[in-house]
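Given next are the chains, with one letter for each unit.
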Amino acid sequence: MLDYFVVGLGLAGMSFVEELEKNGKSFVVYENYSQKSSRVAGGLYNPVILKRFTAAWKALEQVENAFSFYKNIEKKLNISILIEVPVLRRFNAVEEQNTWFEAADKPILTDLLSTELIPNKNQALDIPYQYGKVKNTGRIDTEKLLTSYINYLKDKDSILNESFNYDSLVIQKDYVEYKGQRARNIIFTEGYGVVNNTFFNYLPIHGNKGEYIIIKCDKLKLSEAVKSSVFIIPLGNDYYKVGATYNNKDKTSAITDEAKKELQEKLERFLRAEYTVEDQVAGIRPTTKDRKPMVGSHPEHQNIHILNGLGSRGILIGPYVAKKLYDYIEYQKPLDGEINISRFKNLR
Ligand SMILES: Cc1cc2nc3c(=O)[nH]c(=O)nc-3n(C[C@H](O)[C@H](O)[C@H](O)COP(=O)(O)OP(=O)(O)OC[C@H]3O[C@@H](n4cnc5c(N)ncnc54)[C@H](O)[C@@H]3O)c2cc1C
C-alpha cells in the first residue's frame, strides 16, 4: 500500500511531491506530457499585478515561502534554477508614475514596490517616462526544473510515463486501487488536462492559452525583466522570452502565427534594435472563474483530491497551496473557503 498516487507533474504535482518527500510518504506519479503550461512558463515570480499596481493574492506569504522552497530543490537535485531578476515596469505617462507612488504608500505594497524612479540607460529601449521597480522578484527555469525533477523521480522508480485512465480507478473506503496497486490517497494535478477527468471536470477551470516568442537580440544587453505592452525576460547569451499572449478560445497547445504577429507588434513599440525570432512556445494556463486555486477533496470520495487552478502564477501559488492540501489531508487542518472546491458543490 502506497500513501499517494499523483497524476501530473507540472508545478502543482511537483509542489505536492515535495511535501510528500519532506514528510517521508511513499508515492508514484503518472505523467503523460499532454500539457505544457509549466514548462513554457516565463518562470517569473513577481508578487505584484503590474496592470493595476496591486498585490497578487497572498503575495507576501507566498514569496517568503517560495524562495526557500526552490532553494531546497536546487540543493536536493544539485541544479541551478533560481535567478534573482529585477522586474521593471515601464511607465507610459507621468500619471502612471503618480499612481505607482500612491500604490507604494499602501501598507501591503510598501515591501513590494520601490519608490525610486529608475532611469533608462539602454539605447535599445524607448522608455520616455522611466521605470518603477518591483521588489522580491526573480525567475525559475521551469523547463530545467521539471526535466531534472522527472529524472530524479525516474532514478527512484517513482514516476510512470503513462496517461492515467480514470475508468480504471477502483475506489474503496480507505484506499484506491489502480492497475493492481493500492494507495491511501490520489491527488489530481493535471492542469488544464482536468477537462478529461471524470471526477473533477464539473469544476470551472476554463483555461487560457499563452504563447511566447524567443528572440535573439545582440544589441539589447538587458539583465532585468522589463514589462511594457509585453514582458521581455532575459534568458542569457542574448536570448529573450517575449510575451505572453492571453487567449481563452483556442484550447490547443499549438503555436500560432497570430500570436507571433501580436507579440512582435507589441515588442516593436518600444524595442529599438534588430532581432530575430528563434523559437515560439505555447501552453494553457489552468485559470478559474474566480481567479482562486482549486484545492480539496471530491464531494463523495474522501480519498480523491485535487490541486489545480494555479492560473498565471503557478511559481508562487503552487508550493503555497500544496502545503495547504497536505495539511488538510494529513492533519485535517481546514482549507480556506476561497480555495476549497466545496465552493462549487452546487455545480455537481
Ligand atoms: C505562456 C505562459 C506563461 C506563463 N508564465 C508564468 C510566469 O512567468 N510565472 C508564473 O508563476 N506562472 C506562469 N504561467 C502559469 C503557470 O505556468 C501555471 O500556473 C502552471 O503551469 C500550472 O501548473 P499545473 O501543474 O497546474 O499544470 P500543468 O503545467 O499543465 O501540469 C499538468 C501536468 O499533468 C499532466 N497530465 C494531465 N493529464 C494527465 C493524465 N491523464 N495522465 C498523466 N498526466 C497528465 C500534464 O502532461 C502536465 O505535465 C504561465 C503559463 C503560460 C501558459
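On a predicted model such as this, the values are computed, not experimentally measured, just so you know.

Draft legend 1. How the structure looks around unusual backbone geometry. The residue after Gly243, namely Ala244, is reached through a cis peptide bond having omega 0°. Inspection of the secondary structure assignment puts Ala244 in the loop between β17 (239–243) and α6 (257–267). Phi is positive for Asn78, which is not a glycine, with a value near 55°. Relative accessible area serves as the criterion here: at 70%, Asn78 is assigned to the exposed category. Phi is positive for Asn237, close to 55°, though the residue is something other than glycine. Looking at the element boundaries, Asn237 is found in the loop between β16 (231–236) and β17.

Draft legend 2. Looking closely at the site of the ligand. Around the ligand sit 36 residues in total, of which Glu31, Ser37, Ser38, Leu44 and Gly311 are the nearest. Residue Tyr33 places a main-chain N or O atom 3.3 Å away from an oxygen atom belonging to the ligand. When the free accessible area of the ligand is taken as 1,000 Å², the share hidden by the protein chains comes to 95%. Contributions of two or more residues to the shell around the ligand are made by α1 (11–22), α2 (37–40), β14 (208–216), β18 (276–285) and α7 (314–331). Within the shell around the ligand, the residues separate by chemical class into 14 nonpolar, 17 polar and 5 charged. Counting residues domain by domain, the shell around the ligand receives three or more from each of domain 1 (2–41 + 143–204 + 290–347) and domain 2 (205–287).

Draft legend 3. Up close: the sheet that holds strand β3 (residues 44–45). Overall, antiparallel pairing links the 3 strands, which are arranged β3-β9-β6 in an open sheet. Single-partner strands in this sheet number two, and they are β3 and β6 (82–83). Direction of pairing for β3 relative to strand β9 (residues 138–140): antiparallel, over a ladder of 2 bridges. Bridge assignment links Tyr45 to a residue of β9, and that residue is Gly138.

Parameters at a glance
Residues numbered from 1 in each chain as written. Predicted model: local features only at pLDDT ≥ 70, side-chain atom pairs only at ≥ 80, totals over all residues. Heavy atoms only, no water. Helix = DSSP H or I, 4+ residues; strand = E, 2+ residues; numbered from the N terminus. Buried < 20%, exposed > 50% of the residue type's maximum accessible area, 1.4 Å probe, protein only. Near = heavy atom within 4 Å. Polar contact = N/O pair within 3.5 Å; in protein donor to acceptor, adjacent residues only side chain to side chain. Areas by Shrake-Rupley, 256 points an atom, 1.4 Å probe, with all protein chains shown as cover. Nonpolar A, V, L, I, M, F, W, Y, C, P; charged D, E, K, R; others polar. Domains from an automatic or database assignment. Pairing = 2+ DSSP bridges.

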